[in-house]
Amino acid sequence: MDSATKDEMQPSLPPGSSCPGPGWPEQERAERLARGAALKWASGVFYRPEQLARLGQYRSREVQRTCSLEARIKSVVQSYLEGVKTGVWQLAQASEAVQGAREALGQAHGLLQGTAEAMQTLRPLREQVAQHKQLQVLSQLLPRLWAVPATVAHARSLIDARQLLEAYVCLRELEKLQEETWAPLGGLELPVFEGLGPLAEALGQAVEAAAGAAGQLAREDPAQLVAAVRVAEVDAGYTASLELAPRGWRQRCLQALQEGLDRTHFGTPLLPEPGALAGWLEALRVALPAELSIAEALVAPCCPPYYKVVQLWAHTLHSGLRRCLQQLLGGPELGAADAFTLLHWVLHVYLGPEMMGSLELGPEADVSQLEPLLTPENIEQLEATFVAQIQANVTQWLQKALDGEVAEWNREQEPGTDSSGFYHSPMPAIVLQILEENIRVSSLVSKSLQLRVQGMALSELGTFLRSFSDALIRFSRDHARGETMAPRYVPYLLATLNHQSALSSSVSVLQPDGAASGALAPVETALDELQRRICRLVLEALLAELQPLFAALPSRRWLSSPELLDNVCERTAHVCQDFRRVRNPAAQLLLAEAERTVVLQYLRALMQGRLVCRGADERTQAAERLQHDAAQLRELFLGLGLEESVQCAPVLLALRDLLNLRDPVLLGLEVAGLRQKFPDVSEDHVSAILDLRGDVSREQRLAALSSLQAGPQPSPSVGRRALFSLVPAPAPALSSCLPSGPCS
């Protein structure tokens, strides 16, 4: 590069400046910074006057530095320009090389186009060569290809003859020949091999058929079963070179084993008819263990160990049975007997020692871990069905027993008796036997069913007791109206009391172990109510006999003669004579209530105010009559068997003391004593007795009544039953408020 060129490439500087012109903004900014820095330095250096003498030295040193920097800059720029020049030259050389390569590629492309045209002319020759090779292969395999149809026919005959291994050998030879021709022919399929697909399918179906009849073949022709399994196993390990889908004969064989077993035992589409379920389940109970024994003894040795034949048999039978049971439950509702049979069979027989839990079966036959035959919903459905139908039957049976019992109440003969002389009927035993037997039978299935049936039994017994009570009410009403005459009305009422006692003493058998302690409470309440109703009806019959007699008591005739009470005792003894036919404690309860009824009627008659004593003699007679009547009633009921400690007749003796008192001033003490013995006595009752005396003045009456309130409260330990509170007292007469003397 000459000096002129170098000068042209160098930038020109303005006069008096060592920096580029304004055309370079960066250099202008750098110049300003440099000037600022120089001024700052100069102001710091020449701040003191003694340093101005060295100004020339500083100027010459800065000029030298500036010249050095300019020289270095010129050197750098010169080096940069030489590098650029070298690069431009190299680019020019590369451009020439690229142009040469482009021309060479164009020539090669032209040569390739000429070669492709030449190859197109050689294609027919290449096809001829390929056909020649195929014809050469065919000419070598022609004898074997010619025998293919005959071999296919022979293989089919072997399949028909159940010679499965030989048929499989023929099939393999044909497939090998097909592979040998397939590659040389370039994947060309010869028509002669079109029968191989149907032949292989026929052999697969024969293998499936043999596996489906494994149980029968294991007994009759195990060799055929072994051949079928060997064919499936050998084919599973064979890998063909042709791009064919695997035949999967092993899986088809296993599936055929399951389907054949399922078809044998559960293949019929018809479910057992109503009532025939027990026979069907019994047949399965015998057949399924036998099938598993055959599988373990005969089928398993014919198959590889990994087939797990016994486990396969057990699971297949379990699944088929479960499917059939689900179909059965999805059909018409089962009867009570079928529901019970199915529940008992599934929960106890199927997994029991008679079937799948037999010790003769190996652990492979265990199905306890599989899905249960019946789901909890199925068991709930069957239990509800069984209980509902049994409840309907029990309702009919109990109603029939009640109707038979009611029909006997209008007979002229007395109720039947047992060996001890008590009234007896088989009805309570029949009722309890019906209910207890159903609870016992249900306990053979499960605890839940037992509790359901127990609840149903108690409910039905409660309904029966209400119906029994309603029948007694109708019987009593019809007898009272005269619509139906019952010659033995009271004896049959007493017989029903024995029925209640028998039911009450035996009802605990309906409460199985583990049931709630209060389950019997409603039934026991109903039995107590029935007992009270029967006693009430008997007492109403007694009242009907006694009320006409007590209408004449007290009276002048009663004072002078015991005839009235004799008639009362006679009627009472007539009604109560059959109480001995009632079992204790009901007999004692009935006698006590009868005695109290007689005493209450006696007190009711005394409180009516029919008699007022005219003097001391009549009061003495009345007191003696009360004493005599109390003794007569005591002897009567002692003779009937009632203990003296529970009798209510002593109340008459207390009233006798009140009448027999000669000094009316002392009436307050007697009234207080009466209150201590009988806390339910009221002022009206005392006023009625004082009216019977006929000699009590108004002041004496008020004093006696005030002593009734002012006296000590009666002891709660007296324990006597209510008497006066059951006797209505008449309203006090106006004359009782006036001074009175003897009244006529």
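Residues numbered from 1 in each chain as written. Predicted model: local features only at pLDDT ≥ 70, side-chain atom pairs only at ≥ 80, totals over all residues. Heavy atoms only, no water.

## A closer look at the overall build of the protein chain
Where we set the bar: A helix here means a DSSP run of H or I that spans at least four residues, while a strand means a run of E at least two residues long, and both kinds are numbered starting from the N terminus. Exposure is judged per residue with a 1.4 Å probe applied to protein chains only, and the accessible area is read against the type maximum: over 50% gives exposed, under 20% gives buried, and values in between give partly exposed. Whether two residues are in contact is decided by their heavy atoms, any of which lying within 4.5 Å being enough. We get accessible surface area from the Shrake-Rupley algorithm with a probe of 1.4 Å; when it comes to residues, only the shown protein chains can shield them.
On a plain count of helices and strands, the protein chain comes out with 25 helices and zero strands. The 744 residues of the protein chain split such that 40% are buried. Residue pairs at least 24 apart in sequence account for 77% of intrachain contacts in the protein chain once pairs closer than 6 positions are excluded. When the accessible surface of the protein chain is summed, it comes to about 40900 Å², and 56% of that surface belongs to carbon and sulfur atoms.

## Digging into the side chain of His499
With respect to the secondary-structure elements, His499 resides in helix 16 (residues 489-506). The residues touching His499, leaving out its near neighbours within four places in the chain, are Glu405, His424, Ser425, Met427, Pro428 and Phe468.

## Thoughts on the environment of Ser459
Tracing the backbone through its elements, the reader meets Ser459 in helix 15 (residues 447-481). Ser459 sits 64 residues away from Val523 along the chain, and the two C-alpha atoms are 8.0 Å apart.

## Some points on helix 10 (residues 277-299)
For helix 10, the complete set of buried residues consists of Leu277, Leu281, Leu284, Leu288, Pro289, Glu291, Leu292, Ile294, Ala295 and Val299. Of the surrounding secondary structure, the elements contacted by the buried residues of helix 10 are helix 7 (214-220), helix 8 (222-236), helix 9 (249-266), helix 11 (309-330) and helix 12 (336-349).

## A look at the side chain of Thr375
One can find Thr375 in the loop between helix 12 and helix 13 (376-407). Excluding anything up to four places from it in sequence, Thr375 contacts Arg322 and Gln326.

## Observations concerning the packing of helix 10 against helix 11
Put simply, the test is: Each axis is a line fitted through C-alpha atoms, and for a helix only the stretch in contact is used; angles between axes span 0 to 180 degrees, taken between their N-to-C directions. Working rule for angles: under 35 degrees goes down as roughly parallel, over 145 as roughly antiparallel, 65 to 115 as roughly perpendicular, anything else as oblique. Helix crossings get a hand from a simple test, with the near helix turned counterclockwise from the far one by less than a right angle marking a left-handed crossing and a clockwise turn marking a right-handed one. Under the grouping applied here, Gly and all other residues not named as nonpolar or charged are polar, the nonpolar ones being Ala, Val, Leu, Ile, Met, Phe, Trp, Tyr, Cys and Pro and the charged ones Asp, Glu, Lys and Arg.
Put simply, helix 10 and helix 11 touch, their axes get as near as 9 Å, and they point 165 degrees apart. Classified by the angle between their axes, helix 10 and helix 11 sit roughly antiparallel to one another. For the pair helix 10 and helix 11, the crossing hand works out as right-handed. For the pair helix 10 and helix 11, the contacting residues are Leu277, Trp280, Leu284, Leu288, Glu291, Leu292, Ala295, Glu296 and Val299 in the first and Val309, Val310, Trp313, Ala314, Leu317, Leu321, Cys324, Leu325 and Leu328 in the second. Residue composition of the contact of helix 10 with helix 11, by class: 16 nonpolar, no polar and two charged.

## Let's talk about the pattern of salt bridges
Put simply, the rule reads: Definition used for salt bridges: Asp or Glu carboxyl oxygen within 4 Å of a side-chain nitrogen of Lys or Arg.
One pass over the structure, following the stated rule, counts 25 salt bridges. Where Arg488 meets Glu414, a salt bridge forms, and the shortest distance between an N and an O atom there is 3.7 Å. Taken together, the positions of Arg488 in the loop between helix 15 and helix 16 and Glu414 in the loop between helix 13 and helix 14 (427-443) put the pair 74 residues apart, joining distant regions of the chain. On the basis of relative accessible area, Glu414 is assigned to the partly exposed category, the value being 33%. Within this structure, Glu201, Glu208 and Arg252 form a network of salt bridges that share partners.

## Let's talk about the nonpolar core
The tendency in soluble globular proteins is for nonpolar side chains to be buried as a group. The cut-off we apply is this: Side-chain atoms within 4.5 Å are what join buried Ala, Val, Leu, Ile, Met, Phe, Trp, Tyr and Cys residues into a set we call a nonpolar core.
By size, the foremost hydrophobic cluster in this structure holds 194 residues, and its most contacted members are Trp313, Leu342, Trp345, Trp558 and Leu603. Residue contributions to this core peak at 14 residues, all from helix 17 (residues 521-550).

## Brief notes about the confidence of the model for the protein chain
Which entries qualify depends on this criterion: A residue's pLDDT is the confidence the predictor assigns to it, expressed on a 0 to 100 scale.
When the pLDDT values of the protein chain are averaged, the result is 81; 86% of them are 70 or greater. The secondary-structure element of the protein chain with the lowest mean pLDDT is helix 1 (residues 3-9), recorded at 42, while helix 13 shows the highest, at 91. Segment residues 1-22: pLDDT under 50, and 21 contacts once partners within four positions in sequence are set aside and those in other chains are kept. Here residues 733-744 is modelled with pLDDT under 50, and outside its nearest four sequence neighbours on either side it reaches 14 contacts, counting other chains as well.

## Observations concerning the packing of helix 10 against helix 12
Running from amino to carboxyl end, helix 10 crosses helix 12 at an angle of 20 degrees, the nearest separation of the two axes being 9 Å. Taken together, the axes of helix 10 and helix 12 lie roughly parallel to each other. Considering the relative orientation of helix 10 and helix 12, their crossing is left-handed. Contact residues: helix 10 offers Leu277, Ala278, Leu281, Leu284 and Arg285, while helix 12 offers Asp338, Thr341, Leu342, Trp345 and Val349. Grouping the constituent residues of the contact of helix 10 with helix 12 by class yields seven nonpolar, one polar and two charged.

## Here we look at unusual backbone geometry
Omega for the bond connecting Leu553 with Pro554 falls within 30 degrees of zero, at -5 degrees, which places this linkage in the cis form. Structurally, Pro554 can be placed in the loop between helix 17 and helix 18 (556-560). Here the residue pair Asn584 and Pro585 is connected by a cis peptide bond, since its omega of 5 degrees sits within 30 degrees of zero. Tracing the sequence through the fold places Pro585 in the loop between helix 19 (563-576) and helix 20 (586-606). Phi is positive for Arg162, which is not a glycine, with a value near 60 degrees. Residue position: Arg162 is located in the loop between helix 4 (148-160) and helix 5 (164-182). Owing to a relative accessible area of 40%, Arg162 belongs among the partly exposed residues under this scheme. Phi angles above zero are rare outside glycine, and Lys308 is one such case at about 50 degrees. Position of Lys308 among the secondary structure elements: in the loop between helix 10 and helix 11.

## Describing a nonpolar patch on the surface
Using the following cut-off: Patch rule: a residue counts if its relative accessible area is over 30% and it has no salt bridge; like charges are joined within 9 Å, and nonpolar side chains (Val, Leu, Ile, Met, Phe, Trp, Tyr) within 5 Å.
Together, Leu69, Ile73 and Val77 make up an exposed nonpolar region whose accessible area comes to about 250 Å². Examined against the element boundaries, Val77 turns out to sit in helix 3 (residues 55-146). Note on Val77: relative accessible area 32%, which makes it partly exposed.

## Some remarks on helix 16
Using the following cut-off: How far a helix is expected to stretch is found by multiplying one less than its residue total by 1.5 Å.
Over its 18 residues, helix 16 extends 26 Å from the first C-alpha to the last, a length consistent with the 26 Å expected when each residue adds 1.5 Å. Of all 18 residues making up helix 16, 14 are buried, and the element is well covered by its neighbours.

## Examining the packing of aromatic side chains
Just so we agree on the cut-off: Each Phe, Tyr or Trp ring, with Trp reduced to its six-membered ring, pairs with another whose centre is within 6.5 Å; inter-plane angles below 30 degrees give stacked pairs, above 60 give edge-to-face pairs, and intermediate values give tilted ones.
Summed over the entire model, instances satisfying the criterion amount to 11 aromatic pairs. Between the aromatic rings of Phe475 and Tyr489, the centroid separation amounts to 5.2 Å while the plane-to-plane angle is 40 degrees, which identifies the pairing as tilted. With Phe475 in helix 15 and Tyr489 in helix 16, the pair connects residues that are 14 residues apart, well separated along the chain. A relative accessible area of 6% places Phe475 in the buried class. An aromatic cluster of at least three residues, connected via ring pairs, comprises Trp409, Phe464, Phe468, Phe475 and Tyr489.

## So, the environment of Asp262
Position of Asp262 relative to the elements: it lies in helix 9. Here Asp262 falls in the buried class, since its relative accessible area comes to 16%. Each C-alpha atom of the pair Asp262 and Gly212 lies 9.4 Å from the other, and the pair is 50 residues apart in sequence. In this structure, Asp262 is in contact with Gly267, Thr316, Gly320 and Arg323, ignoring residues within four places of it in sequence.

## Re the environment of Leu334
With respect to the element layout, Leu334 can be found in the loop between helix 11 and helix 12. Judged by relative accessible area, which is 11%, Leu334 ranks as buried. With 60 residues separating them in the primary sequence, Leu334 and Pro274 have C-alpha atoms 7.1 Å apart. Here Leu334 is in contact with Leu277, Leu328, Leu329, Ala339, Leu342, Leu382, Thr385 and Gln389, once residues within four sequence places are set aside.

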